[in-house]
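Structural overview for review
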Amino acid sequence: MIDLKQIRADETWALRHRVMWPDKPIDFVILPNDEEGLHYGLFENGQLVSVISMFVRGEQAQFRKFATDTAYQSKGYGSRLLVYLIETSRDLNIKELNCDARITAISFYKRFGMEIDSEVFQKSGKDFIRMSLKI
């Protein structure tokens, strides 16, 4: 059974850490403004397998720390969670949704209509690019 719902910031941290930055201390995946965000999780049979966090500023929002447990990747869970986030953004009257995407994820985000908005830049030694979606 799949369940998508809003969760607390602290519920995202272990999965973020395990998937995104396992070689860093857990504090590395805790954002200073996490408590201001909207956090969502996809659960399979009660187990949290994918998380995403959204930070709203007026009619714009940025999603960050999008992670799916490695054992559940390539099964459509991340796609389902991103579609849920886009639908939620519409409900919140957000007009533009953006993210700093890892270079390796560009084709994934393009499947949802996101477009590249920047040159490549680095964060913590990894290459990223800003992408956005008009809603």
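Placed above this text is the structure.
Residues numbered from 1 in each chain as written. Predicted model: local features only at pLDDT ≥ 70, side-chain atom pairs only at ≥ 80, totals over all residues. Heavy atoms only, no water.

1. Quick look at the overall build of the protein
Secondary structure assignment for the protein yields three helices and eight strands. The linear arrangement of helices and strands in the protein, starting from the amino end, is β-α-β-β-β-α-β-α-β-β-β. By the compact-globule yardstick of 14 Å for 135 residues, the protein fits well, its C-alpha radius of gyration being 14 Å. When its C-alpha atoms are laid out on the principal axes, the protein stretches across 35 × 35 × 30 Å. For the protein, with 135 residues in total, the buried portion stands at 46%. Long-range contacts, defined here as pairs at least 24 residues apart, represent 59% of the contacts in the protein between residues at least 6 apart. Accessible surface computed for the protein: about 7,400 Å², of which carbon and sulfur atoms make up 47%. (Helix = DSSP H or I, 4+ residues; strand = E, 2+ residues; numbered from the N terminus. Rg over C-alpha atoms; globule rule 2.2 N^0.38 Å. Buried < 20%, exposed > 50% of the residue type's maximum accessible area, 1.4 Å probe, protein only. Contact = heavy atoms within 4.5 Å. Areas by Shrake-Rupley, 256 points an atom, 1.4 Å probe, with all protein chains shown as cover.)

2. Some details on the pairing of strand E5 (residues 96-102)
Judged by how many residues are buried, E5 sits mostly within the fold: six of seven residues are covered. Pairing geometry for strand E4 (residues 60-68) and E5, over three bridges, is parallel. Its bridge partner lying in E5, Ala-61 is registered against Leu-97. After leaving E4, the chain enters helix H2 (residues 77-91) and then returns to the sheet as E5, a path that is right-handed. Two elements, E5 and strand E8 (residues 126-134), share seven bridges in a ladder whose sense is antiparallel. Counterpart to Asp-100 in the pairing with E8 is Arg-130. (Pairing = 2+ DSSP bridges. Right-handed = clockwise from strand over helix to strand, strands pointing away.)

3. Structural notes on the nonpolar core
With 27 residues, the main nonpolar core has Ile-52, Phe-63, Phe-66, Leu-82, Leu-85, Tyr-109 and Met-131 as its most contacted residues. When residues of this core are traced back to their parent elements, those giving at least two are strand E2 (38-44), strand E3 (47-57), E4, H2, E5, helix H3 (106-110) and E8. Among the elements that make up this core, the one with the highest residue count is H2 (five residues). Residue contacts for Phe-63: discarding those within four places in its chain leaves Ile-52, Ser-53, Met-54, Leu-82, Leu-85, Leu-97, Asn-98, Cys-99, Tyr-109 and Met-114. Among the nonpolar cores identified, the runner-up in size contains nine residues, and Trp-21, Phe-43, Leu-48 and Val-51 belong to it. (Core = buried A, V, L, I, M, F, W, Y, C linked by side-chain atoms within 4.5 Å.)

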